[in-house]
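If you want the building blocks of each chain, they are given just below.
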Amino acid sequence: MRRHHGIIVLSIIICFLATACMKWEYAGEELFDNTADGIFIINQGNFQYGNASLSFYNPDTKTIDNEIFNRANGMKLGDVAQSMTVYRNQGWIVVNNSHVIFRIDLNTYRETGRIQNLPSPRYICIINPSKAYVSQLWDNRIIIVNPTSMQVTGEITIPNMAPTSGSTEQMILIGKHVYCNCWSYQNRIIKIDTTTDAVTASLPIGVQPQSMVKDCNDKLWVLTDGGFSGNPAGHEPPTLARVDPQTMTVEKRFQMQLNDSPSQLQIDPTGHTLYWINNDIFRMDISAESAPKCAFINACNTKYYGLFISPVDHNIYVADAIDYQQLGMIYRYDSAGNLIDTFHSGVTPGAFAWKGGLDEI
């Protein structure tokens, strides 16, 4: 569920007509006790197929465990797993079309709680043990939840956003403020005061801000995808912009080609080097005065869909969705762009999460 808005609209309509929610079918449970550091791979699956899954890769042993949520809990993960956040030795898996967030133990993969009946969750940003924000697709609200009680406690209505055609996406916490890119059919980022749960500022940044990261100087970098022909929000060349979050002003802007389709902006653990997908993999130092013209890693006729930079060894993990039907492929490169190894995960791998000593506490 990323850039093909026409397909998504049709799928959502079908979902509403069917009034179908994911039904979890329970089976036997497998015992895990994995204390190793490594990388979770969130496999989206196919819309309305209920075949989302979770994988874990151990880079030290070069081993992959697939379907670990299903195997540990005796039930499938659900329909379209969007993202995963790690906080205080717990993993938070957002399953978009099942309208649920699962909390799991990072070693056993067992469910420890769930938040249900969310409108269309995309990402969770945990502010403290009693407050978290959950962004939504095609909903003008951010839902407020309590990560301890796993209950919905409130909502933030985004100003000047239509109730059914707006969206909020990724969120970054800096100090007492959360910054969020408003993606589908939108053109801005917003600033939220977490003490009052109020939107205090808004910055038009370009058509469809797709992803964003924070650098070593606490600056925000925002990647827009530029929309598409016929998009109500417009169609323009994608951009990469640096934003001062304190003043909510654009400090730098790099323009791409009109038909480019960039996504998955990432940053290395030092906060100095940006990476993104635009068919191939591109990278750029945050001090650069011009965008790179040549790819860092070539796609070679594959469908790069997800991207992650390891916080420990700076290895680059690239998810290949292939045809969105068969098991996806993960490519692991070193920081110089040399291929280290490859392995299969689940259907449509789209996101990653780190498990290890650098987890948030």
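Reading guide: rules and limits
- Residues numbered from 1 in each chain as written.
- Predicted model: local features only at pLDDT ≥ 70, side-chain atom pairs only at ≥ 80, totals over all residues.
- Heavy atoms only, no water.
- Pairing = 2+ DSSP bridges.
- Helix = DSSP H or I, 4+ residues; strand = E, 2+ residues; numbered from the N terminus.
- Axes fitted to C-alpha atoms, helices over the stretch in contact; angles between N-to-C directions.
- Phe/Tyr/Trp six-rings, centres within 6.5 Å; stacked < 30°, edge-to-face > 60°.
- Buried < 20%, exposed > 50% of the residue type's maximum accessible area, 1.4 Å probe, protein only.
- Lys NZ or Arg CZ within 6 Å of the ring centre and 35° of its normal.

**Q** Which residues make up the sheet that holds strand E25 (residues 327-333), and what are the values?
**A** Strand order in this open sheet of four strands is E23-E24-E25-E26, and the pairing throughout is antiparallel. Each edge of the sheet is formed by a strand with only one pairing partner; in this case those strands are strand E23 (304-309) and strand E26 (339-347). Each neighbouring strand pair of the sheet contributes to a mean axis angle of 20°, computed without reference to strand direction. Relative to strand E24 (residues 316-320), E23 is paired through five bridges, and the arrangement is antiparallel. Across the sheet, residue Leu307 finds its bridge partner in E24, namely Val318.

**Q** Break down the sheet that holds strand E27 (residues 349-355) for me, with residues and values.
**A** Across the sheet, four strands lie side by side as E3-E2-E1-E27; this open sheet has antiparallel pairing. Here the strands that pair on one side only, and so sit at the sheet edges, are strand E3 (63-65) and E27. Going from strand to strand, the sheet's axes swing by 25° on average, the running direction of each strand aside. Across three bridges, the pairing between strand E2 (residues 53-58) and E3 is antiparallel. Across the sheet, the residue bridging to Asn58 is Thr63, located in E3.

**Q** Hey, could you go over the packing of aromatic side chains for me, with residue numbers and the actual values?
**A** Going through the model one piece at a time under the given rule, you end up with 18 aromatic pairs. Measuring from ring centre to ring centre gives 6.2 Å for Tyr275 and Phe296, while their planes differ by 65°; the resulting arrangement is edge-to-face. In this pair, Tyr275 sits in strand E21 (residues 273-278) while Phe296 sits in the loop between strand E22 (280-285) and E23, placing the two residues 21 residues apart along the sequence. Considering the side-chain rings of Phe308 and Tyr317, the 6.3 Å spacing of their centres and the 55° angle between planes classify their relative orientation as tilted. Looking at Phe308, the relative accessible area reads 11%, which means it is buried. Members of the aromatic cluster, joined through ring pairs, are Tyr57, Phe308, Tyr317, Phe343 and Phe352. The positively charged end of Arg283 is found above the aromatic ring belonging to Phe296, 3.9 Å away from the centroid.

**Q** Please set out the pairing of E24 residue by residue, giving values where relevant.
**A** Most of E24 is tucked away: five of the five residues are buried. Hairpin connection, E23 to E24: the antiparallel pair is bridged by six residues, and His314 has positive phi, about 65°. Pairing of E24 with E25 involves five bridges; the strand directions are antiparallel. Among the inter-strand pairings, Tyr317 is bridged to a residue of E25, identified as Arg332. In this antiparallel pair of consecutive strands, E24 and E25, the connection spans six residues, and Ile322 shows a positive phi of 55°.

No statement about biological role is implied by the geometric values presented.
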